[in-house]
Amino acid sequence: MSRLQTPMLSLAHGLRFEQLYQREGLCALDARFLAWLEAGSAPLAQALRAARECPDALDPAAEAALLIELSPWLDEFVGELFDIADAVRALTARHNALAPLYECKRQFVQRQAATKVKPEALAGFDPVAAEHALVEWFGEPFSELTFARAVASWQNERTMADRLAVALHYAAWALTIPAGRARHLHGVLFKTPHRTDPLHLVPVETDTTAGYNAFTLGAEHQRHREGFALTDPGTDLVGALDQAHYCIWCHHQGKDSCSKGLKEKLKGDPAEQAALPAAAHYKKSPFKVTLAGCPLEERISEFHEVKAQGHAIGALALIAIDNPMVPATGHRICNDCMKACIYQKTEPVNIPESETRTLKDVLELPWGFEIYSLLTRWNPLDLRRPVPKTPSGRRVLVVGLGPAGFTLAHHLMNDGHVVAGIDGLKIEPLPSELSGVDGHGRRVPFRPIRDVQDLYESLDERVMAGFGGVAEYGITVRWNKNFLKIIRLVLERRTEFAMFGGVRFGGTLTADDAFAMGFDHIALAAGAGRPTVLDMPNGLARGVRTASDFLMGLQLTGAAKPDSIANMQVRLPVVVIGGGLTAVDTATESLAYYPVQVEKFLV
Ligand code: SF4
């Protein structure tokens, strides 16, 4: 197979790196994929071609089945394209190696240990002796995976009944006895889904000894916080697969409410039902929140099935059909999907965690950033738009480069339009060898990124880059803001895109100016940064601040950095009024900021 060399990346199928960022190159790539698929499975290639010709002719179940069948092929093709077939296979093998954990959890722990071992049977149980015996039989140190593998093999042998009995009692102890639960607190095997109580979602303990209610979280749930580094790295592959296996892949029954919403059973005249407002078609949560599911209708059930089969790239491609800007969603960002999960009485599938881990599994492959980036422009699983459409000749001005603005910009480009994005904040330039744009706004060659870690910075040292709107200045270090750089590069490297910081729409640039400059459309995607002034007596008195203003000030001024001389003073105690996300962020950030501020004063 011919390989044309770029300085660092050698692509298969006679393709060059630059072609991955040009429409003609993407069309060539798609043609190579179809020919390659034809050679491997002619019926599947024909099914894909037919589905692309007339995507709406497929019913949802047939479409899902086709995309799932294509996913392993996509893994293999991308592995070959980037010359990382071994790494892709190794990643699949890591998925498959963990499979016994989830099988053991469902069949042995949840169906047997949880139901067949009565509490009295554990009265004289010695977990230390049991663990010693198990380790001896395993022939290796104790881990949940070795436990699961051993149980799987013992279940196939009649002579192992004694060992299975010890394992069963150990599992029941780990599942039900506080010491056992503590021993396996951070594992996944010895767990059963707990019932949810909407009024006690956070398991706080109430202390009334001081004459008022003080709520505390058990020590096992507490995490030490110091400074402004990332506070929650999210789950690993074990945790993500635990969720993918907990999911029951409801798309097979057309009941994937996480994606399509939890439908209300309406009665009466169908015409009258059709006239009802959209929200009336969905059930409501106990807090009267409409359970409409993922606003993007991401194929959650399908990606979970593919992820559980070990095909990480296929799973990401399924996500990216409806949610190409996936770094800006998922863990610590949104959970509408989770709220509408079919599990309404027990804990829902933690989709945000599995989604973000699926992204990271691909990003962490060699050339992982380039693979994700490519899937935003060429996605063979997207039957309706596998490559960007032919140029329309239309130019669109997108006002605001927050989540709405950058997502819109992406879709507009893939629909064939040229986009200029403006934002009121100053946007710091990235190195031109990464972005493909020099300090004068000229297009220059950029290099492929082999290791995504090269893009990452520690959040407590990172300089605000100005791109990302509320995702940059409104979200705290609970979310990995390095994902903003990933999204920015995906957009900025495209010749159909230009962006300009420090431009206020209505001031620096008016609508008339924009139309006079030749824009055909203006898309307003600004607004989240509008100041909120509460109608409250003394709302602006000294020492009183709106929480959103505090958080924005903290992020924008860089006050949290040890070498910043930002004028932001906090004195304890701080009283936070409210219990929503902004209030919680304000409480955590003011507590984290106070010692940093004092240290800066003392130095
Ligand atoms: S996440 Fe929940 S609703 Fe969605 S497919 Fe899985 S189990 Fe079903």
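Residues numbered from 1 in each chain as written. Predicted model: local features only at pLDDT ≥ 70, side-chain atom pairs only at ≥ 80, totals over all residues. Heavy atoms only, no water.

Between helix α5 (residues 99-116) and helix α10 (residues 237-246), the shortest axis-to-axis distance is 10 Å and the interhelical angle comes to 45 degrees. Overall, the two elements α5 and α10 adopt an arrangement that is oblique. For α5 against α10, the interelement crossing comes out right-handed. Contact residues: Leu 101, Tyr 102, Lys 105 and Arg 106 in α5; Leu 237, Val 238, Leu 241, Asp 242 and His 245 in α10. In terms of residue class, the contact of α5 with α10 is built from five nonpolar, one polar and three charged. (Axes fitted to C-alpha atoms, helices over the stretch in contact; angles between N-to-C directions. Helix = DSSP H or I, 4+ residues; strand = E, 2+ residues; numbered from the N terminus. Parallel < 35°, antiparallel > 145°, perpendicular 65-115°, else oblique. Left-handed = near helix turned anticlockwise from the far one by under 90°. Contact = heavy atoms within 4.5 Å. Nonpolar A, V, L, I, M, F, W, Y, C, P; charged D, E, K, R; others polar.)

Now for the site of the ligand. Lining the immediate surroundings of the ligand are Cys 247, Ile 248, Cys 250, Ser 257, Cys 258, Ser 301, Cys 341, Ile 342, Tyr 343, Val 349 and Ile 351. Looking at the shell around the ligand residue by residue, the classes come out as nine nonpolar, two polar and no charged. (Near = heavy atom within 4 Å.)

The next point concerns the pattern of salt bridges. Within the structure shown, the criterion is met by 35 salt bridges. One salt bridge connects Glu 472 with Arg 462, and the closest N-O pair in it is separated by 2.8 Å. You can see Glu 472 sitting in helix α20 (residues 470-473) and its partner Arg 462 sitting in the loop between α19 (432-435) and α20, a full ten residues away along the chain. One network of salt bridges, with partners in common, ties together Asp 56, Glu 63, Arg 299, Asp 322 and Arg 384. (Salt bridge = Lys/Arg side-chain N within 4 Å of Asp/Glu carboxyl O.)

In this section: the domain arrangement of the chain. The domains assigned to the chain are domain 1 (395-524) and domain 2 (547-602). Tallying the contact residues gives twelve residues for domain 1 and eight residues for domain 2. When the area that domain 1 buries against domain 2 is broken down by residue, the three leading residues are Tyr 473, Thr 476 and Arg 478, summing to 54%. The interface formed by domain 1 and domain 2 includes one salt bridge. Asp 585 is the salt-bridge partner of Arg 478, the closest N and O atoms lying 2.8 Å from each other. At the surface where domain 1 touches domain 2, the tally comes to three residue pairs in polar contact (both at pLDDT 80 or more). In the side of domain 1 that touches domain 2, the residues fall into five nonpolar, one polar and six charged. (Domains from an automatic or database assignment. Buried area = accessible area lost by both parts, 1.4 Å probe. Polar contact = N/O pair within 3.5 Å; in protein donor to acceptor, adjacent residues only side chain to side chain.)

It is worth spelling out the layout of surface pockets at this point. Roughly 1600 Å³ of internal volume is contained in the second largest pocket. Forming the walls of the second largest pocket are 43 residues, and the residues nearest its centre are Arg 545, Thr 546, Ala 547, Ser 548 and Phe 550. When contributions to the lining of the second largest pocket are tallied by element, the ones reaching two or more residues are α20, α23 (547-557) and α24 (581-602). In terms of residue count, the dominant contributor to the lining of the second largest pocket is α23 (six residues). Taken domain by domain, the makeup of the lining of the second largest pocket includes at least three residues from each of domain 1 (395-524) and domain 2 (547-602). (1 Å grid on protein atoms, 1.4 Å probe; cavity = no way out; pocket = protein on both sides within 12 Å on 5 of 7 lines; lining within 4 Å. Points joined across faces, edges and corners; volume = space filled by probe spheres on them.)

Another point: the nonpolar core. In summary, soluble globular proteins display a tendency toward joint burial of nonpolar side chains. Among the nonpolar cores identified, the biggest contains 97 residues, and Phe 33, Leu 74, Phe 82, Ile 313, Phe 369, Tyr 372 and Trp 378 are the most heavily contacted of them. Not counting residues up to four positions away in its chain, the partners in contact with Phe 369 are Tyr 21, Leu 363, Ile 449, Val 452, Leu 455, Ile 486, Leu 489, Val 490 and Arg 493. Ranked by size, the runner-up nonpolar core spans 35 residues in total, among them Tyr 102, Ala 148, Met 160 and Ala 172. (Core = buried A, V, L, I, M, F, W, Y, C linked by side-chain atoms within 4.5 Å. Buried < 20%, exposed > 50% of the residue type's maximum accessible area, 1.4 Å probe, protein only.)

Turning to the sheet that holds strand β5 (residues 395-399), a few remarks are in order. With parallel pairing, four strands are arranged side by side in an open sheet as β7-β6-β5-β8. Two strands lie at the open edges of the sheet, namely β7 (497-500) and β8 (521-524), each paired on one side alone. Here the average twist between neighbouring strands, direction ignored, is 20 degrees. Taken together, the four bridges between strand β6 (residues 418-422) and β7 define a ladder with parallel strand orientation. Bridge pairing in β7 places Ile 422 opposite Phe 500. Lying on the sheet, helix α18 (residues 403-414) is in contact with β5, β6, β7 and β8; it crosses β5 at an angle near 170 degrees. (Pairing = 2+ DSSP bridges.)

Within this structure, the stated rule accounts for four cavities of 30 Å³ or more. Approximately 200 Å³ is the volume attributed to the largest cavity. As for the largest cavity, its lining consists of 13 residues, of which Leu 459, Val 477, Lys 481, Gln 555 and Lys 561 are closest to the centre. Here the lining of the largest cavity is built from residues that sort into six nonpolar, two polar and five charged.

This part takes up the packing of helix α2 (residues 42-53) against helix α3 (residues 60-81). Their axes nearest at 11 Å, the elements α2 and α3 cross at an angle of 125 degrees. What the angle tells us is that α2 and α3 run oblique. Judged by the sense of rotation from one axis to the other, the crossing of α2 with α3 is left-handed. Contacts between α2 and α3 pair Leu 44, Ala 47, Leu 48 and Ala 51 from the former with Leu 66, Glu 69, Leu 70 and Trp 73 from the latter. Here the residues of the contact of α2 with α3 sort into seven nonpolar, no polar and one charged.

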